[in-house]
Amino acid sequence: MCGRFVISSDLEEWSEFFGADEIRTESLRPSWNVAPTDPVYGLVQHEDRRRLGSFRWGLIPHYADNRRSIHINARAETLAEKGAFRTSFARRRCLIGADGFYEWQRLGDRKQPYFIVPEGSLMAFAGIWSRWTDPVTEERMVTCAIITRSAEGEVAQIHDRMPATLDPVLWDDWLDPGEQDPGLLRAILESGAPAQYELRPVSTLVNSVRNNDARLVEPVA
């Protein structure tokens, strides 16, 4: 799964990393403890142009009655079957930016948090997005979920799931709303992580969303 992550790089860095043709968002405040319902950077394809915008993390299906029906993660194995994700998987795919993410390893009766960061790069999580309008207030939201897959490599040492991260050569195929072959899309998600990761044990301060500063990614003994 992906329960928390970090967005500390600035908008210019994300635009360069994603090769964005358009920027449709204001700069987001750096966050070392991104939590559900927080804003995140996301890349979509619109008329053959890469558009960098922002989403509210926690996908609300278009048919939901209220904003409590959120999904922060979507399993790669069941995207095409789950009603909450089927339409977004077919036509509304995105990339979600992260400097790194947190995962927790169970050690007896406690859990040790780790900050997991790729070597020498930012991260692009595979994601899906949706538009939703609050039936009471008529507020419009653009929301997203991070796709997860079976963990591999170093990450599998501490947890059985991880965000699906995509190699840049696959970004165009993933983002293309005209590509609706579920077999090809699943193959993209199963292609494997494009980077080696550093697993850094960090303080349990990260367990509380009230804590949000650079101390959270500092290694502990």
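See above for the structure.
How each quantity is defined
For every chain, the first residue of the written sequence is number 1, and numbering continues from 1 onward in sequence order. Residues qualify for local features only when their pLDDT is at least 70, as the model is predicted, and side-chain atom pairs are given and counted only at 80 or more; totals for whole chains, interfaces and linings, by contrast, use all residues. As a rule here, side-chain values come from all non-hydrogen atoms in the structure, and water together with hydrogens is ignored. For helices the rule is a DSSP run of H or I covering at least 4 residues; for strands it is a run of E covering at least 2, with both sets numbered from the N terminus onward. For the exposure calls, accessible area comes from a 1.4 Å probe over protein chains only, and a residue counts as buried if that area is under 20% of its type's maximum, exposed if over 50%, partly exposed in between. Residues scored as positive are Lys and Arg, those scored as negative are Asp and Glu, and His as well as the terminal groups of each chain are ignored. Where a charge lies is defined by one atom per residue type: Lys uses NZ, Arg uses CZ, Asp uses CG and Glu uses CD. Polar contacts, as counted here, are pairs of nitrogen or oxygen atoms within 3.5 Å of one another; within protein the pair requires one atom able to donate a hydrogen and one able to accept it, and residues that are adjacent in sequence qualify only if both atoms are side-chain atoms. Note on definitions: a residue-residue contact is assigned when non-hydrogen atoms from the two residues lie within 4.5 Å. Two strands qualify as a pair provided that DSSP identifies no fewer than 2 bridges between them. Axis definition: a line fit to C-alpha positions, over the contact stretch in the case of helices; interaxial angles, taken between N-to-C directions, run 0 to 180 degrees. Here, the arc refers to the directions that run from the helix axis to the C-beta atoms. Patch rule: a residue counts if its relative accessible area is over 30% and it has no salt bridge; like charges are joined within 9 Å, and nonpolar side chains (Val, Leu, Ile, Met, Phe, Trp, Tyr) within 5 Å. Computed by Shrake-Rupley with a 1.4 Å probe, the accessible areas treat only the displayed protein chains as cover when residues are assessed. Any carboxyl oxygen of Asp or Glu that lies within 4 Å of a side-chain nitrogen of Lys or Arg is treated as forming a salt bridge with it.

Things to note about the overall build of the protein chain
Argument step 1. For the protein chain, the helix and strand inventory stands at four helices and 13 strands.
Argument step 2. Along the three orthogonal principal directions, the C-alpha set of the protein chain runs to about 50 × 40 × 35 Å.
Argument step 3. Expressed as a percentage of its 221 residues, the buried residues of the protein chain come to 49%.
Argument step 4. When the 26 basic and 33 acidic side-chain charges of the protein chain are each reduced to a single mean position, those positions are 8 Å apart.

Things to note about unusual backbone geometry
Argument step 1. Residue threonine 37 is not a glycine yet carries a positive backbone phi of 80°.
Argument step 2. Within the secondary structure, threonine 37 is located in the loop between strand E3 (31-34) and strand E4 (39-46).
Argument step 3. Overall, the relative accessible area of 37% leaves threonine 37 in the partly exposed class.
Argument step 4. Even without a glycine there, the phi angle at aspartate 48 is positive, about 65°.
Argument step 5. Inspection of the secondary structure puts aspartate 48 in the loop between E4 and strand E5 (49-57).
Argument step 6. Look at aspartate 48 and you get exposed, because its relative accessible area is 70%.

Points about the side chain of arginine 51
Argument step 1. Following the sequence through the fold, arginine 51 ends up in strand E5.
Argument step 2. Judged by relative accessible area, arginine 51 falls into the buried class, the value being 18%.
Argument step 3. Within the structure, arginine 51 has its side chain in polar contact with the side chain of glutamate 22 (distance 3.5 Å).
Argument step 4. Excluding anything up to four places from it in sequence, arginine 51 contacts Glu22, Arg24, Gly42, Leu43, Val44 and His46.

Observations concerning the environment of glycine 178
Argument step 1. With respect to the helices, strands and loops of the structure, glycine 178 is situated in the loop between helix H3 (171-175) and helix H4 (182-189).
Argument step 2. For glycine 178 and alanine 90, which are 88 residues apart along the polypeptide, the C-alpha to C-alpha distance reads 8.7 Å.

Concerning the sheet that holds E3
Argument step 1. Strand order in the open sheet formed by five strands is E3-E1-E8-E9-E13, and the pairing between neighbours is antiparallel. Either end of the sheet is taken by a strand with one partner, and the two such strands are E3 and strand E13 (197-201). Strand-to-strand twist in this sheet, taken as the mean axis angle between neighbours without regard to direction, amounts to 30°.
Argument step 2. As paired elements, strand E1 (residues 4-7) and strand E8 (residues 100-107) share three bridges and run antiparallel to each other. Counterpart to phenylalanine 5 in the pairing with E8 is phenylalanine 101.

Points about helix H1 (residues 11-18)
Argument step 1. The complete set of buried residues in H1 reads Leu11, Trp14, Ser15 and Phe18. Projected onto a plane normal to the axis of H1, the buried residues spread over an arc of 100° and lie on a single side. What points out from H1, more than 90 degrees from its buried face, is the exposed set Glu12 and Glu16.
Argument step 2. Directly after H1, the chain includes glycine 19, whose backbone phi takes a positive value near 65°.

Things to note about a negative patch on the surface
Argument step 1. A cluster of acidic residues, Asp10, Glu12, Glu13 and Glu16, forms a negative patch at the surface.
Argument step 2. With respect to the helices, strands and loops of the structure, glutamate 12 is situated in helix H1.
Argument step 3. Look at glutamate 12 and you get exposed, because its relative accessible area is 63%.

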